[in-house]
Structure formats: structure tokens, C-alpha cells
Amino acid sequence: IDIEPYDNIQNGRQVVRMNTISGESWLVNDTGATIYFALFVLKCHGTTFATDGGILTADETVAGIISDSSETKFFNVGHSNYEYEKNGISYEQSNQQAPMGKFGVITARWQDGIPLAEIQIGKDRDYSDRYAALDIGEVILCDGLPREDEIAEMIDYAAMGWAIS
């Protein structure tokens, strides 16, 4: 399998490394949920994305966050009522900068929620060749929109624990 744990990668913590080389390099939850908030501590491999790949998607047509081939940013899916931040800096949906080559805390907020019938991390929808190359430290998915103080607390926790400034 191409999902492997690695120790002491960032601030003494273990990460899960996902590779783009096989159909076994992704995580899935068949239960699904409507997601309103997502926080990831992750590092994208390379200086640009080698391929389109899923960060957070569903099994067929719904894409939450996907990489944009040959870019340093995530693809503009065109969500309405959507906010994206990397390391506490807001970015427009057309310019969602990814943490390339070093760890970062990214957050996404869907004010109206995004229905993910099957939650997938590391794979782009039902494509057989779109897997992400990532090191993932933490994932927090919320099926309701947290209050601003709760979001700030989650971001502070992640940034402090993973030594991200």
C-alpha cells in the first residue's frame, strides 16, 4: 500500500505519506457527511503539483479541494459562499496557494456545506489516475460550521503543535 506512516517528520510528530503512484494511496469513509469546515496540516510534494489530485472529494462529482496540475495552488472549483486560508492568510478561490514543499495549515469553509456522499482524502472523485502526493499530519472535518473562536483555537492548536508560523 502507498500510504505509509513516517515518524519525526515535523516537530517530532508522525505523518501519513501519500504517493501518486497507485490506486491504494487514498483514504475513504463510506458514510459521508455534509462538511462545513475542514482543517488540514499537510505538505504537498514538489514545487508544483505533478498531476490533478484530490485533497478532499467525494466518490463521483463533488470536489472540495483538488490540486491543479503544474500549479502551486488548488484548483478553482467555483464554490459559492466559500473561504480558504493558508497559515492564517486568506486567498481568493482563484488563487488558493498550497503548502508546497513545507508544512502548512490550510482551512476551508463552506457556509452552505458541501455534501460528500463518500469522503475521500488523497483521490480526485472517481478518476482512476488522480491521486495526491502529500504528507498529512492532521485532518479536522466538521459537519457543522464552528464559531470563529473555535476555528481560531483549532488553527492555533495545529500551528503550535506542528511548529508552523
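Below is a short write-up of the structure. Here the structure is a predicted model, which is why all the values come from computation and not from measurement. (Residues numbered from 1 in each chain as written. Predicted model: local features only at pLDDT ≥ 70, side-chain atom pairs only at ≥ 80, totals over all residues. Heavy atoms only, no water.)

### A look at the overall build of the protein
Using the following cut-off: Under the scheme used here, helices are H or I runs from DSSP no shorter than 4 residues and strands are E runs no shorter than 2 residues, and both carry numbers assigned from the N terminus. Computation of the radius of gyration draws on C-alpha atoms, with the globule rule given as 2.2 Å multiplied by the number of residues to the power 0.38. A simple rule labels every residue: compare its accessible area, found with a 1.4 Å probe on the protein chains alone, to the largest value its type can have, and call it buried under 20%, exposed over 50%, or partly exposed in between.
Within the protein one finds 1 helix and 13 strands. The order of α-helices and β-strands along the protein, N terminus first, is β-β-β-β-β-β-β-β-β-β-β-β-β-α. Relative to the 2.2 N^0.38 estimate, which gives 15 Å for 165 residues, the radius of gyration of the protein is 14 Å and therefore close to what a compact globule would have. Overall, the C-alpha framework of the protein stretches about 40 × 35 × 30 Å when taken along its three principal axes. By the burial criterion, 48% of the 165 residues in the protein qualify as buried.

### Things to note about the side chain of Arg 109
Cut-off, in case you're wondering: Within 3.5 Å is the distance limit for a polar contact, defined as a pair of N or O atoms, with the added protein rule that one can donate a hydrogen and the other accept it, and that residues adjacent in sequence qualify only through two side-chain atoms. Pairs of residues are marked as contacts when any of their non-hydrogen atoms sit within 4.5 Å.
With respect to the secondary-structure elements, Arg 109 resides in strand β11 (residues 104-116). A distance of 2.8 Å separates a polar atom in the side chain of Arg 109 from a polar atom in the side chain of Glu 148. Beyond its immediate chain neighbours, meaning those up to four positions away, Arg 109 contacts Tyr 36, Phe 37, Asn 81, Tyr 82, Glu 83, Glu 85, Glu 148 and Ile 151.

### Re the nonpolar core
Condition: In these notes, a set of buried Ala, Val, Leu, Ile, Met, Phe, Trp, Tyr and Cys residues joined through side-chain atoms within 4.5 Å is what counts as a nonpolar core.
Within the largest apolar cluster, 26 residues are counted, with the highest numbers of intra-cluster contacts made by Phe 40, Ile 65, Phe 74 and Trp 110. Put simply, the parts of the chain that give this core at least two residues each are β4 (33-44), β5 (54-57), β8 (82-86), β11, β12 (119-121) and β13 (134-142). In terms of nonpolar packing, the next biggest core, distinct from the first, is built from 15 residues, Val 15, Ile 140, Met 154 and Ile 164 among them.

### What about helix α1 (residues 148-161)?
Heads up, the rule is: A helix is expected to reach a length of 1.5 Å times the quantity of its residues less one.
With 14 residues, α1 should reach 20 Å at 1.5 Å per residue; the first-to-last C-alpha distance of 20 Å fits that figure. Of the residues making up α1, those classed as buried are Ile 151, Met 154, Ile 155, Ala 158, Ala 159 and Gly 161. Next to the buried residues of α1 lie β2 (13-18), β4, β8, β11 and β13. Downstream of α1 by a residue or two, Ala 163 has a phi angle that is positive, lying close to 55 degrees.

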